[in-house]
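Examining the three-dimensional arrangement
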Amino acid sequence: NALKWFAYPHAFMRSVFVSALKGLVPKNATPFFVLFLSQVKRNAENFIHSSKIIGNSVHVCFSIKTNPHPQILRTLAAAGVGMEAVSLRELHQISSFSCKKIFNSPASSEAEIREALKQKCIMVIDNISQARLVHSISKGKFIEVGIRVRLDRHRFGFEPNEINSAIMELQNLGLHVSLLHAHP
């Protein structure tokens, strides 16, 4: 059975929540998923507020692959959360959003790069050849990019000791480095 999704616009008190679930269970095949979008919004707002302790230049972004449900994505974007996409499908999901967008794919196709540039995504760069491809497709336009830092030998990205030279090379291509990305 396909997983069913239900979204409630406002948080319920515990008794109402339990009652609502009891009403849903006999009517639906399990498993099913219940969304409390007001809680998603509250969590996002709290996280954004906490991130401002670090500084106003911090941007909170949600990895779409974590949960691509359209109502979650819309709720987060409306709350001020940016989106991190890794595929053309995910880029299409967020094409109408006006939030901060990051495209983060170590093996990007030209179609993905073109769409990410069209949506003014920050492009996460994993290697110089990818940077050159982004530069050639962008045709000299202002492009904001990030650099993926490889913290172990099994991941994509630049070695930590390559970061300074990578930044200089990306700047020489006319790409504007604004973030560093890593998986610890």
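The rules behind the values
- Residues numbered from 1 in each chain as written.
- Predicted model: local features only at pLDDT ≥ 70, side-chain atom pairs only at ≥ 80, totals over all residues.
- Heavy atoms only, no water.
- Core = buried A, V, L, I, M, F, W, Y, C linked by side-chain atoms within 4.5 Å.
- Buried < 20%, exposed > 50% of the residue type's maximum accessible area, 1.4 Å probe, protein only.
- Helix = DSSP H or I, 4+ residues; strand = E, 2+ residues; numbered from the N terminus.
- Contact = heavy atoms within 4.5 Å.
- Pairing = 2+ DSSP bridges.
- Axes fitted to C-alpha atoms, helices over the stretch in contact; angles between N-to-C directions.
- Parallel < 35°, antiparallel > 145°, perpendicular 65-115°, else oblique.
- Left-handed = near helix turned anticlockwise from the far one by under 90°.
- Nonpolar A, V, L, I, M, F, W, Y, C, P; charged D, E, K, R; others polar.

Let us look at the nonpolar core. For soluble globular proteins, nonpolar side chains are generally found buried alongside one another. With 41 residues, the main nonpolar core has Leu76, Met83, Met123, Ile125, Val134, Leu170 and Leu175 as its most contacted residues. Only helix 2 (37-51), helix 3 (70-78), strand 4 (82-85), helix 5 (110-118), strand 6 (122-125), helix 6 (128-138), strand 7 (143-149) and helix 7 (163-172) provide two or more residues apiece to this core. Setting aside anything within four residues of it in sequence, one finds Leu175 in contact with Ala131, Val134, His135, Ile143, Val145 and Leu170.

With that settled, consider the sheet that holds strand 7. Across the sheet, which stays open at both edges, the 6 strands sit in the order 3-4-5-6-7-8 with parallel pairing between neighbours. A single partner strand is all that each edge strand has here, and the edge strands are strand 3 (61-63) and strand 8 (175-182). Neighbouring strand axes in the sheet, compared pairwise and without regard to direction, differ in orientation by 30° on average. In the sheet, strand 5 (residues 101-103) pairs with strand 6 via 2 bridges, with the strands oriented parallel. In the strand pairing of strand 6, Ile102 is matched with Ile122. Contacts between helix 6 and the sheet are confined to strand 6, strand 7 and strand 8, with strand 6 contributing the most and set at about 150° to the helix. Packing against the sheet, helix 7 makes contact with strand 6, strand 7 and strand 8, and its axis sits at approximately 160° to strand 7.

Buried within helix 5 are the following residues: Glu112, Ile113, Glu115, Ala116 and Leu117. Directly after helix 5, the chain includes Lys120, whose backbone phi takes a positive value near 60°.

Where helix 2 meets helix 3, the closest approach of the two axes is 9 Å, and the angle between their N-to-C directions is 40°. When the axis of helix 2 is compared with that of helix 3, the two are oblique. Helix 2 and helix 3 meet at a crossing whose hand is right-handed. Here Leu37, Val40, Lys41 and Ala44 of helix 2 come into contact with helix 3, specifically with Gln71, Ile72, Thr75 and Leu76. When the residues that make up the contact of helix 2 with helix 3 are grouped by side-chain class, the tally is 5 nonpolar, 2 polar and 1 charged.

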